[in-house]
Every structure is written in C-alpha cells, then in structure tokens.
Amino acid sequence: YGHYTRIRRTLLKESNSSTWLLNGSSAGMREVQSLMKKLNVQIDNLCQFLPQDKVVSFAKLTPELLLRETEKAVSNKGSGDDGNED
C-alpha cells in the first residue's frame, strides 16, 4: 500500500449489505480488517477515530481513561494492550 490508504464502505439499504473499496479497488471486509490491524487502526479507540455520535462519550472520559486510551492509540501493541507492564 502507498503513502496514503483510502478505505470506502458503501452501505446498501435495499439488500442490507455493503461493499468495500481499498484505494479504489474492490476489497473484502477481511482484507480491510487485516490492513487495519497491520496499521494499528483501533476503530473502538476514541483517540484514533471519533465519529460524531461518540463526541459526548469522549468528552465524558475521566483523565485516567483518557490517558489509557491515548496510550493504547500510540502503542505498537494494538488494542489488546491493557497498559500493564507485567
């Protein structure tokens, strides 16, 4: 993949399905998920991805939770890291 990676998902209401494009080429959901894991994109981490409907949740994070989520966002270990060094 190049310097920039573009992922596009189109939701199809009529068939209750979706299609994926990766850099303009058709891709499967597993391919997109694999790339996101490789790039350490944590879709559930509000410090990396903040959809409009989650802004309120982000604003309510305690300083401790915000620090924990920030550490996960910059960690190379991915979203499975619980912050413990054991």
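Above: the structure in question.
Positive phi values are uncommon outside glycine, yet Asn 16 reaches one of about 50°. Summarising the element assignment, Asn 16 is placed in the loop between β1 (7–12) and β2 (17–22). The exposed category is assigned to Asn 16, whose relative accessible area is 72%. Positive phi values are uncommon outside glycine, yet Asn 23 reaches one of about 55°. For Asn 23, the position within the fold is in the loop between β2 and β3 (25–27).

A few words on the pattern of salt bridges. All chains considered together, the criterion is met by one salt bridge. Residue Lys 72 is joined to Glu 69 by a salt bridge in which the shortest nitrogen-to-oxygen separation is 3.2 Å. One end of the pair, Lys 72, and the other, Glu 69, are both in helix α3 (residues 63–74), three residues apart, so they sit about a helical turn from each other. With a relative accessible area of 19%, Lys 72 lands in the buried category. Assessed through its relative accessible area of 16%, Glu 69 is described here as buried.

Sheet topology note: the β1/β2 ladder contains six bridges and is antiparallel. Pairing of Ile 7 across the sheet is with Leu 22, part of β2. Between the end of β1 and the start of β2, which pair antiparallel, lie four residues, with Asn 16 showing a positive phi angle near 50°.

Right, let's talk about helix α1 (residues 29–38) for a bit. Val 32, Leu 35 and Met 36 are the residues of α1 that are buried. Take α1 and look down its axis: the buried residues cluster within an arc of 100°, on one side only. Opposite the buried face of α1, at more than 90 degrees from it, the exposed residues are Arg 30, Lys 37 and Lys 38. Along its buried surface, α1 packs onto β1, β2 and β3. A positive backbone phi angle near 60° is found at Asn 40, which sits one or two residues after α1.

Before going further, it helps to spend a moment on α3. Counted at 1.5 Å a residue, the expected span for α3 with its 12 residues is 16 Å, and the 17 Å between its end C-alpha atoms agrees. Residues of α3 that are buried: Glu 69, Lys 72 and Ala 73. The buried residues of α3 occupy an angular sector of 105° when projected down its axis, which confines them to one face. Opposite its buried face, α3 presents the exposed residues Pro 63, Glu 64, Leu 67 and Val 74, each directed more than 90 degrees away.

Thresholds applied
- Starting from 1, residues in each chain are numbered consecutively following that chain's sequence as written.
- Owing to the predicted nature of the model, reporting of local features is limited to residues with pLDDT of at least 70; listing and counting of side-chain atom pairs is limited to 80 or more, with chain, interface and lining totals taken over all residues.
- Note: side-chain values were computed over all heavy atoms of the structure, leaving out hydrogens and water.
- Secondary structure elements are defined from DSSP: runs of H or I of at least 4 residues count as helices, runs of E of at least 2 residues count as strands, and each element is numbered from the N terminus.
- Exposure classes here rest on a 1.4 Å probe applied to the protein chains alone. A residue is buried below 20% of its type maximum, exposed above 50%, and partly exposed in between.
- Salt bridges, as used here, are contacts in which a Lys or Arg side-chain nitrogen is within 4 Å of a carboxyl oxygen on Asp or Glu.
- At least two bridges found by DSSP between two strands is the condition for calling them paired.
- Directions pointing from the helix axis toward each C-beta atom define the arc.
- The contact rule is simple, with two residues in contact once any of their heavy atoms fall within 4.5 Å.
- Expected helix span is taken as 1.5 Å per residue step, with the number of steps being one fewer than the number of residues.

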